Amino acid sequence: MDVRIEDSWKAPLRAQFDAPYFEELTRFVRARYAATEVYPAPSRIFAAFDACPFDKVKVVIIGQDPYHGPGQANGLCFSVAPGVAMPPSLINIFKEMAADMGCPDYRPASGDLSYLANQGVLLLNATLTVEAHSPGAHQGKGWETFTDAVIDALNRRREHIVFLLWGSYAIRKGALIDRGKHLVLTSVHPSPLSAHRGFFGNHHFSKANQYLTEHGLEPIKWI
């Protein structure tokens, strides 16, 4: 199947695009877009990949579903478009980012994380589509198999990637990552329900940069 995705991802994921489950997933997703409101916009489904080529990935952040409110999801996990109000988890991510980088008074102009994607941060949701006001509506349809394959391809074909896994779902998603080749950092989710139990103060952003620098890679400009 010919999938409109950044060219460098086509070879590592070719077996997925040609698999029966992906054809079934594609039919399901197209039918749902035709029948109801689905996010993100069709052109943004693979935005995380388009912004971050396979050979440029330095850091992977794993989310669960796209945002399910109107105008929120832009294809990058935790990110929203400029001008869209920041969801609570994203606000907490910026709080920890600013504190960890020694700039506690930093206030981002928007919640658009494309500036990170353009530096090599793959902002990967486990499920790439969702229906309006219906979180989890497209879970169990094949997206998880596809994104497991994405993580596996990065794990096997690349080295010295930092995986930031926040919350039990993301931690399970990264269970098979080779800790000998990559850095895996885990904590509770940045949601207001859990952030004070270990997300704040986890120093994941500075630890990621330290690891990248130690392996001769350019650190991420988080803020």
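Preceding block: the structure.
Residues numbered from 1 in each chain as written. Predicted model: local features only at pLDDT ≥ 70, side-chain atom pairs only at ≥ 80, totals over all residues. Heavy atoms only, no water.

### As for the overall build of the protein chain
Here is step 1 of the chain: Secondary structure summary: the protein chain contains eight helices and six strands in total.
Here is step 2 of the chain: Along the protein chain, from the amino end to the carboxyl end, the secondary structure elements read α-α-β-α-β-α-α-β-β-α-β-α-β-α.
Here is step 3 of the chain: Expected size for 223 residues packed as a compact globule is a radius of gyration near 17 Å; at 17 Å, the protein chain falls within 12% of this value.
Here is step 4 of the chain: Along the first, second and third principal axes, the C-alpha set of the protein chain runs to 45 × 35 × 25 Å.
Here is step 5 of the chain: Put simply, the protein chain has 223 residues, and 51% of those count as buried.
Here is step 6 of the chain: A fraction of 66% describes how many contacts in the protein chain between residues 6 or more apart in sequence connect residues 24 or more apart.
Here is step 7 of the chain: Accessible surface, the protein chain: about 10,200 Å² in total, of which carbon and sulfur atoms supply 52%. (Helix = DSSP H or I, 4+ residues; strand = E, 2+ residues; numbered from the N terminus. Rg over C-alpha atoms; globule rule 2.2 N^0.38 Å. Buried < 20%, exposed > 50% of the residue type's maximum accessible area, 1.4 Å probe, protein only. Contact = heavy atoms within 4.5 Å. Areas by Shrake-Rupley, 256 points an atom, 1.4 Å probe, with all protein chains shown as cover.)

### A word on the sheet that holds strand S2 (residues 59–63)
Here is step 1 of the chain: Read across the open sheet, the four strands follow the order S3-S2-S5-S6; overall the sheet is parallel. Taken across any chain shown, the strands that pair with only one partner, and hence form the sheet edges, are strand S3 (121–125) and strand S6 (183–187). Shown here is a sheet whose adjacent strand axes are inclined to one another by a mean of 20°, direction ignored.
Here is step 2 of the chain: Pairing of S2 with strand S5 (residues 162–166) involves three bridges; the strand directions are parallel. (Pairing = 2+ DSSP bridges. Axes fitted to C-alpha atoms, helices over the stretch in contact; angles between N-to-C directions.)

### Quick look at empty space enclosed by the protein
The gaps of empty space that remain are located by a probe, the size of a water molecule, rolled over the atoms.
Here is step 1 of the chain: Applying the stated rule across the entire model yields two cavities of 30 Å³ or more.
Here is step 2 of the chain: Contributing to the lining of the largest cavity are Pro40, Ile45, Pro66, Ala73, Asn74, Gly75, Leu76, Asn125 and Leu128.
Here is step 3 of the chain: Counted by class, the lining of the largest cavity contains six nonpolar, three polar and no charged residues.
Here is step 4 of the chain: Taken as a whole, the second largest cavity spans an internal volume of roughly 40 Å³.
Here is step 5 of the chain: Around the second largest cavity, the lining residues are Ile61, Cys77, Phe78, Ile93, Met97, Leu113, Leu116, Leu123 and Trp166.
Here is step 6 of the chain: Tallied by class, residues from the lining of the second largest cavity come to nine nonpolar, no polar and no charged. (1 Å grid on protein atoms, 1.4 Å probe; cavity = no way out; pocket = protein on both sides within 12 Å on 5 of 7 lines; lining within 4 Å. Points joined across faces, edges and corners; volume = space filled by probe spheres on them. Nonpolar A, V, L, I, M, F, W, Y, C, P; charged D, E, K, R; others polar.)

### What to know about the nonpolar core
Here is step 1 of the chain: Trp9, Phe46, Phe49, Leu122, Phe146, Leu154 and Trp222 are the most contacted members of the largest nonpolar core, which has 67 residues in total.
Here is step 2 of the chain: No other element matches the six residues that helix H6 (residues 143–157) contributes to this core.
Here is step 3 of the chain: Among residues more than four places away in sequence, those in contact with phenylalanine 46 are Val3, Arg4, Ile5, Phe22, Leu128, Trp143 and Phe146. (Core = buried A, V, L, I, M, F, W, Y, C linked by side-chain atoms within 4.5 Å.)

### Some thoughts on unusual backbone geometry
Here is step 1 of the chain: With an omega of -5°, the peptide bond between tyrosine 39 and proline 40 qualifies as cis.
Here is step 2 of the chain: For histidine 160, which is not glycine, the phi torsion reads 60° and is therefore positive.
Here is step 3 of the chain: Relative to the assigned elements, histidine 160 resides in the loop between H6 and S5.
Here is step 4 of the chain: With a relative accessible area of 23%, histidine 160 lands in the partly exposed category.

### Section: the packing of aromatic side chains
Here is step 1 of the chain: Enumeration over the complete set of coordinates arrives at 17 aromatic pairs.
Here is step 2 of the chain: Members of the aromatic cluster, connected to one another through ring pairs, are Trp9, Phe17, Tyr21, Phe22, Phe46, Phe49, Phe54, Trp143 and Phe146. (Phe/Tyr/Trp six-rings, centres within 6.5 Å; stacked < 30°, edge-to-face > 60°.)

### A closer look at the environment of tyrosine 211
Here is step 1 of the chain: For tyrosine 211, the location among the structural elements is in helix H8 (residues 204–214).
Here is step 2 of the chain: Exposure remark for tyrosine 211: the relative accessible area of 12% places this residue in the buried category.
Here is step 3 of the chain: Residues tyrosine 211 and valine 162, spaced 49 residues apart in sequence, show a C-alpha to C-alpha distance of 7.8 Å.
Here is step 4 of the chain: At 3.4 Å, the side chain of tyrosine 211 forms a polar contact with the backbone oxygen of lysine 181. (Polar contact = N/O pair within 3.5 Å; in protein donor to acceptor, adjacent residues only side chain to side chain.)

### So, the pattern of salt bridges
A side chain with one charge may pair with a side chain of the opposite charge, provided their charged atoms come close.
Here is step 1 of the chain: Inspection of the entire model under this criterion finds six salt bridges.
Here is step 2 of the chain: For glutamate 23, the salt bridge is made with arginine 27, and the minimal N-O distance between the two is 3.2 Å. Of the two residues, glutamate 23 and arginine 27 are both situated in helix H2 (residues 20–35); the distance of four residues between them amounts to about one turn of the helix.
Here is step 3 of the chain: Given a relative accessible area of 41%, glutamate 23 falls into the partly exposed group.
Here is step 4 of the chain: The class for arginine 27 is partly exposed, based on a relative accessible area of 48%. (Salt bridge = Lys/Arg side-chain N within 4 Å of Asp/Glu carboxyl O.)

### Describing the environment of proline 40
Here is step 1 of the chain: Relative to the helices and strands, proline 40 resides in the loop between strand S1 (38–39) and helix H3 (47–51).
Here is step 2 of the chain: A residue is classified by how much of its surface remains accessible, and proline 40, at 2% relative accessible area, is buried.
Here is step 3 of the chain: Once the C-alpha coordinates of proline 40 and phenylalanine 163 are considered, the two residues, 123 residues apart in sequence, prove to be 24 Å apart.
Here is step 4 of the chain: Excluding its chain neighbours within four sequence positions, the residues that come into contact with proline 40 are Tyr33, Ile45, Pro66, Ala73, Asn74, Gly75, Leu128 and Thr129.

Nothing here speaks to function; it is all geometry.
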